[in-house]
Protein chains: 2
Amino acid sequence: MPKMSDVAKKAGVALSTVSYAINGTRSISEETRQRVFAAMEELGFKPNALARGLASKRSHIIALLFPVIERGLGFTEMEFVTNATEAALTLGYNLVLWSSAMDTVELRALIQQELVDGVVVMEVHRHDERVKLLKEIGMPFTLIGRCDNNDGINFTDIDFHKTVFDAVKYLAELGHEKICFLNQSEQAYNEEYGPVWRTQTSFEQITSEFGMQTISRFCRSNTMAGYETMQELLDSHADLTAMVAMNERAIPGIIQAITDRGWRIPDDFSIIVIVSSERIAEMVIPNLTTSDSPSSEMGRLGVQSLIQMLEKENPVVQQELIPCHLVIRGSTAPKNILVH
Amino acid sequence: MPKMSDVAKKAGVALSTVSYAINGTRSISEETRQRVFAAMEELGFKPNALARGLASKRSHIIALLFPVIERGLGFTEMEFVTNATEAALTLGYNLVLWSSAMDTVELRALIQQELVDGVVVMEVHRHDERVKLLKEIGMPFTLIGRCDNNDGINFTDIDFHKTVFDAVKYLAELGHEKICFLNQSEQAYNEEYGPVWRTQTSFEQITSEFGMQTISRFCRSNTMAGYETMQELLDSHADLTAMVAMNERAIPGIIQAITDRGWRIPDDFSIIVIVSSERIAEMVIPNLTTSDSPSSEMGRLGVQSLIQMLEKENPVVQQELIPCHLVIRGSTAPKNILVH
DNA sequence: ATGAAAGCGCTAACAG
DNA sequence: CTGTTAGCGCTTTCAT
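Everything numeric here is computed off the predicted structure, so don't read it as measured data.

Definitions and cut-offs
Residues numbered from 1 in each chain as written. Chains lettered and ligands numbered in written order. Predicted model: local features only at pLDDT ≥ 70, side-chain atom pairs only at ≥ 80, totals over all residues. Helix = DSSP H or I, 4+ residues; strand = E, 2+ residues; numbered from the N terminus. Rg over C-alpha atoms; globule rule 2.2 N^0.38 Å. Buried ≥ 20, exposed ≤ 12 C-beta atoms within 10 Å, placed from the backbone. Contact = placed C-beta atoms within 7 Å. Pairing = 2+ DSSP bridges. Axes fitted to C-alpha atoms, helices over the stretch in contact; angles between N-to-C directions. Near = placed C-beta within 6 Å. Nonpolar A, V, L, I, M, F, W, Y, C, P; charged D, E, K, R; others polar. Left-handed = near helix turned anticlockwise from the far one by under 90°. Least-squares fit on C-alpha atoms with pLDDT ≥ 70 in both. Expected span 1.5 Å × (residues − 1).

Peer 1: What exactly am I supposed to notice about the overall build of chain A here?
Peer 2: When its secondary structure is counted, chain A shows 14 helices and twelve strands. Taking 340 residues into account, the globule formula puts the C-alpha radius of gyration at 20 Å, and chain A, at 25 Å, lies well above it. Here chain A holds 340 residues, and the buried ones make up 47% of them. Across chain A, contacts joining residues at least 24 apart in sequence account for 70% of those joining residues at least 6 apart.

Peer 1: How should the sheet that holds strand β9 (residues 270-276) of chain A be read in this particular structure?
Peer 2: The pairing of strands in a sheet comes from backbone hydrogen bonds and takes either a parallel or an antiparallel form. Residues and elements named next belong to chain A. The strand order across the open sheet built from six strands is β7-β6-β8-β9-β10-β12, with neighbouring strands paired in mixed fashion. Looking along the sheet, the strands with just one partner apiece sit at the ends: β7 (215-217) and β12 (325-327). Strand-to-strand twist across the sheet, computed as the mean angle between neighbouring axes with direction ignored, equals 20 degrees. Across four bridges, the pairing between strand β6 (residues 179-182) and strand β8 (residues 242-245) is parallel. For C180, the partnering residue across the bridge sits in β8 and is M243.

Peer 1: Sorry if this is basic, but what is going on with the protein's contact with DNA strand D here?
Peer 2: Around DNA strand D sit 28 residues in total, of which A:S16, A:S27, B:M4, B:S16 and B:A55 are the nearest. Elements that contribute at least two residues to the surface near DNA strand D include exactly α2 (15-23) and α4 (49-56) of chain A together with α2 (15-23) and α4 (49-56) of chain B. At six residues, the largest contribution of residues to the surface near DNA strand D is made by α2(B). By residue class, the composition of the surface near DNA strand D is 14 nonpolar, eleven polar and three charged.

Peer 1: For this particular structure, what's the right way to read the packing of helix α6 (residues 104-112) of chain A against helix α7 (residues 129-137) of chain A?
Peer 2: Any two packed helices are characterised by the angle at which their axes cross and by the distance between the axes. Residue and element names in this part refer to chain A. It is the contact of α6 with α7, at a shortest axis distance of 10 Å, that shows an interaxial angle of 35 degrees. By crossing handedness, the relation of α6 to α7 is classed as right-handed. Where α6 approaches α7, its residues T104, L107, R108 and I111 are matched on the opposing element by E129, R130, L133 and I137. Looking at the contact of α6 with α7 residue by residue, the classes come out as four nonpolar, one polar and three charged.

Peer 1: What am I meant to see in the interface of chain A and chain B here?
Peer 2: Interfaces are frequently sized by the accessible area removed from exposure as the parts join. The partner chain B presents 40 residues to the 38 residues of chain A that form the contact. Broken down by secondary-structure element, the contributors of at least two residues to the side of chain A that touches chain B are α4, α5 (75-90), β2 (94-99), α6 and α12 (251-260) of chain A. It is α5(A) that contributes the most residues to the side of chain A that touches chain B, eight residues altogether. Its residues assigned to classes, the side of chain A that touches chain B shows 19 nonpolar, 13 polar and six charged.

Peer 1: Just to check I follow, could you spell out the relation of the copies chain A and chain B for this structure?
Peer 2: Comparison of the two chain copies shows a relationship of rotation about an axis with a shift along it. Superposing chain A onto chain B requires a rotation of 180 degrees together with a translation of 0.1 Å along the rotation axis, leaving an RMSD of 0.1 Å. The superposition operator between the copies reduces to a two-fold rotation axis. Looking at the rotation axis and the C-alpha trace of chain A, the residue lying nearest is A:V96, at 2.1 Å. The share of interface residues of chain A whose copies in chain B are also at the interface is 100%, consistent with both copies meeting through the same surface.

Peer 1: Would you mind going over the environment of B:M40 with me for this structure?
Peer 2: Residue and element names in this part refer to chain B. Here M40 shows up in helix α3 (residues 30-43). Judged by the 21 C-beta atoms lying within 10 Å of it, M40 is buried. Remark: the alpha-carbon pair of M40 and E209, spanning 169 residues in sequence, is separated by 66 Å.

Peer 1: So what exactly am I meant to see when it comes to the environment of B:Y170 here?
Peer 2: Residues and elements named next belong to chain B. Locating Y170 in the fold gives a position in helix α8 (residues 160-173). Note on Y170: 19 C-beta atoms within 10 Å, which makes it partly exposed. Sequence-wise, Y170 and T332 are 162 residues apart; in three dimensions their C-alpha atoms are separated by 9.3 Å.

Peer 1: Got a minute to help me understand the sheet that holds strand β9 (residues 270-276) of chain B in this structure?
Peer 2: Residue and element names in this part refer to chain B. Overall, mixed pairing links the six strands, which are arranged β7-β6-β8-β9-β10-β12 in an open sheet. Because the sheet does not close on itself, it has two edges, and the strands there are β7 (215-217) and β12 (325-327). The sheet shows a mean angle of 20 degrees between the axes of neighbouring strands, taken without regard to direction. Pairing of strand β8 (residues 242-245) with β9 involves four bridges; the strand directions are parallel. Bridging from a neighbouring strand, A242 pairs with S270 of β9. Contacting β6 (179-182), β8, β9, β10 (289-292) and β12, α8 crosses the sheet at an angle of about 165 degrees to β9.

Peer 1: Even after reading the chapter, I still don't get the pairing of β6(A), so can you show me in this structure?
Peer 2: Successive residues of a regular strand alternate their side chains across the two faces of the sheet. All names here are of chain A. Judged by which residues are buried, β6 turns out to be covered on both faces: I179 and F181 on one side and C180 and L182 on the other are all buried. The sheet contact formed by β6 and β7 spans three bridges and is parallel. Across the sheet, the residue bridging to L182 is R217, located in β7.

Peer 1: Would you mind showing me how to read the protein's contact with DNA strand C here?
Peer 2: Residues in contact with DNA strand C amount to 27 residues; listed here are only the nearest, A:M4, A:S16, A:S19, A:A55 and B:S27. Every element with two or more residues in the surface near DNA strand C is listed here: α2 and α4 of chain A together with α2 and α4 of chain B. A breakdown of the residues in the surface near DNA strand C according to their chemical character gives 13 nonpolar, eleven polar and three charged.

Peer 1: For this particular structure, what's the right way to read helix α12 (residues 251-260) of chain B?
Peer 2: Structurally, the α-helix is built with 3.6 residues per turn, so residues lying three or four positions apart point the same way. Residue and element names in this part refer to chain B. Burial analysis of α12 places seven of its ten residues in the buried class, which makes it a mostly covered element. Next to the buried residues of α12 lie β6, α11 (223-236), β8 and β9. Phi turns positive, to about 85 degrees, at G262, one or two residues after α12.

Peer 1: Before we go on, may I ask you to explain helix α5 (residues 75-90) of chain B in this structure?
Peer 2: All names here are of chain B. An ideal rise of 1.5 Å per residue puts 22 Å on 16 residues; α5 measures up with 22 Å between its terminal C-alpha atoms. Most of α5 sits out of view: 13 of its 16 residues are buried. Just downstream of α5 lies G92, where phi reads positive at about 85 degrees.

Peer 1: Is there a simple way to think about unusual backbone geometry in this case?
Peer 2: Across the junction of A:I265 and A:P266, the peptide omega takes the value 10 degrees, indicating a cis bond. Inspection of the secondary structure assignment puts A:P266 in the loop between α12 and β9. You will see that B:K57, though not glycine, has its phi angle at about 65 degrees, which is positive. With respect to the secondary-structure elements, B:K57 resides in the loop between α4 and β1 (61-66).

Peer 1: For this particular structure, what's the right way to read the packing of α5(B) against helix α14 (residues 295-311) of chain B?
Peer 2: Residue and element names in this part refer to chain B. Their axes nearest at 7 Å, the elements α5 and α14 cross at an angle of 40 degrees. The chirality of how α5 crosses α14 is right-handed. Listed contacts from α14 to T76, E79, F80, V81, T82, N83, A84, A87 and A88 of α5 are S295, S296, M298, G299, R300, G302, V303 and Q304. Along the lines of polarity and charge, the residues of the contact of α5 with α14 split into seven nonpolar, eight polar and two charged.

Peer 1: I tried to follow the environment of B:T199 on my own but got confused; where do I start?
Peer 2: Residue and element names in this part refer to chain B. Tracing the backbone shows T199 in helix α10 (residues 194-209). Judged by the 25 C-beta atoms lying within 10 Å of it, T199 falls in the buried class. Sequence separation between T199 and E42 is 157 residues, and the spatial gap between their C-alpha atoms is 58 Å. Ignoring sequence-local partners within four residues, the contact set of T199 consists of F160, V164, N183 and M246.

What follows is the structure in structure tokens.
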């Protein structure tokens with residue numbers, strides 16, 4: 001592998017000149033620039049990342065604290081990770097994966113290796129130990145999600161309030177008067193996991209603004225839980241005609257419970273799945289009306305935001321709230337005037 | 001951040017002694033070892049990854065060439081990535097993500113940065129340019145999947161033949177005589193993408209061994225393609241009673257096409273989805289009989305295999321073939337003796 | 001069993 | 001505009 005000194009020799013310049021030519025850190029006469037690049041080309045030279053990082057104290061590596069599989073998700077995270085990787089690579093960074101389930105001790109140990117320049121944090125909770133740690137250490141970071149107090153903190157999050165609002169509004173316009181919200185697990189809510197906590201809060205507020213009764217349920221993320229929760233729900237509220245759900249894995253159970261009652265979707269019951277994706281929508285027939293998660297965009301933005309704070313001399317605090325995108329498909333319809 | 005010289009000073013030993021104590025690269029008296037570790041503890045010292053890598057020429061970073069979203073990608077890949085990350089971290093390595101869609105020029109450029117010690121390659125094709133490149137450069141690598149010629153190459157792959165065999169055998173035992181295979185896209189087959197190519201070949205061979213007619217279809221990975229392909233298929237073969245499918249995203253369309261004919265699953269038609277997962281199985285009611293992909297295991301094994309070849313002085317070539325695990329659920333039943 | 005010192009391949013003062 | 005050189009924080013030979 002050729003090194004910088006080889007390039008310098010071949011170009012007939014000092015080693016540092018090659019470095020400056022590559023990094024553009026100081027002005028260089030066009031002529032020597034040409035010669036240096038020609039020499040690099042000829043030798044197939046690529047700077048050694050480790051040496052560069054050690055000398056400059058910038059590794060050009062960022063870490064992604066990404067979720068282990070457990071909660072309801074899948075596609076959306078994958079999309080997120082794909083786009084984050086792509087964005088990082090495009091900007092000349094490498095993305096390493098760290099588990100979001102890591103405790104603060106493990107996290108601190110990894111950070112102290114000084115391998116990464118910054119961290120993108122997924123699965124953020126309202127009060128997040130990891131965020132506290134990153135702040136304390138002084139490691140640059142950006143959140144996918146947000147905490148309770150976000151002063152001076154970069155984040156990219158879904159606009160859950162607008163997402164819930166749009167869904168409820170759409171159902172209300174279809175004539176539905178009793179709308180239920182089916183959230184993820186109560187445990188996630190108690191842990192104040194952002195998406196679960198925010199959507200719950202927003203739904204309560206929004207239904208009250210609409211003058212509606214607030215009906216909601218927590219539900220673990222699997223088919224059986226969806227079935228049972230939905231059974232219980234319809235037993236308690238026989239006049240329910242619509243639902244907003246944020247629990248992809250419970251969907252088949254929910255649909256089954258509705259079908260078992262002899263009701264049809266969307267004629268007798270409408271359902272919108274929020275923070276979802278086209279792929280989930282198409283897994284079911286009729287295709288689901290969903291509010292699609294802006295995962296790809298967030299992956300890109302999160303990384304870009306982190307990198308700008310690493311590279312700009314005085315970075316601005318970026319706090320982006322991106323709404324989900326409502327896509328109307330086959331699982332929603334005007335309220336059936338015939339009562340069930 | 002404390003450095004090694006600080007530890008050495010505090011412990012009253014030479015800098016190199018600290019290094020040897022940490023790496024165990026040469027014997028050290030128990031007493032000094034104690035002192036060194038006490039000093040490290042006290043200072044909260046962690047070796048700098050970049051410096052260590054530069055000096056030792058081993059970064060303890062490996063790259064994962066992982067797929068962009070396009071093919072059937074989803075849960076299984078996510079599981080794979082999660083476990084690979086976990087395994088790497090456990091063994092003291094960091095995993096960086098590189099896109100599997102990268103061409104050989106980009107790949108070469110990244111490799112020449114000498115950031116990574118080895119590469120785990122996903123989405124392997126029978127004749128894979130990237131594999132050729134890695135060999136040529138002399139970069140250690142392991143495949144998730146395999147090529148046509150695997151002499152001396154480490155790989156971890158699914159045992160597609162056994163997977164197809166088990167599925168066909170199970171259906172045959174249920175009395176089904178005409179069984180179709182629904183594969184992924186013809187394009188993937190023409191590109192000789194491992195899973196698509198191998199399952200196709202195996203299915204042809206196995207049905208012929210069973211004395212069955214070989215009926216198969218390629219199908220793009222979306223609901224509509226599934227619907228149309230299934231329509232055409234049932235038009236051509238009205239006496240078909242069972243199917244093996246390796247195309248998760250086409251499933252809803254397939255089911256719809258069956259239902260549209262007035263047939264019920266599994267009474268009138270049985271279906272097994274291979275190289276799938278419990279999560280997919282549960283997305284549909286009745287829950288699908290699937291042959292689950294050993295993604296987690298492969299993620300772990302792939303990484304372990306790569307790391308052993310990086311660390312052992314004379315590594316053995318590891319070539320693992322892992323079968324999918326048939327889980328019988330609600331989409332398969334004995335052949336209905338009443339013809340359709 | 002331990003120490004001294006020469007790099008690893010770069011970046012970034014410092015000097016002209 | 002360019003060259004010289006002192007590190008970055010480790011590993012690893014070479015001594016002792």
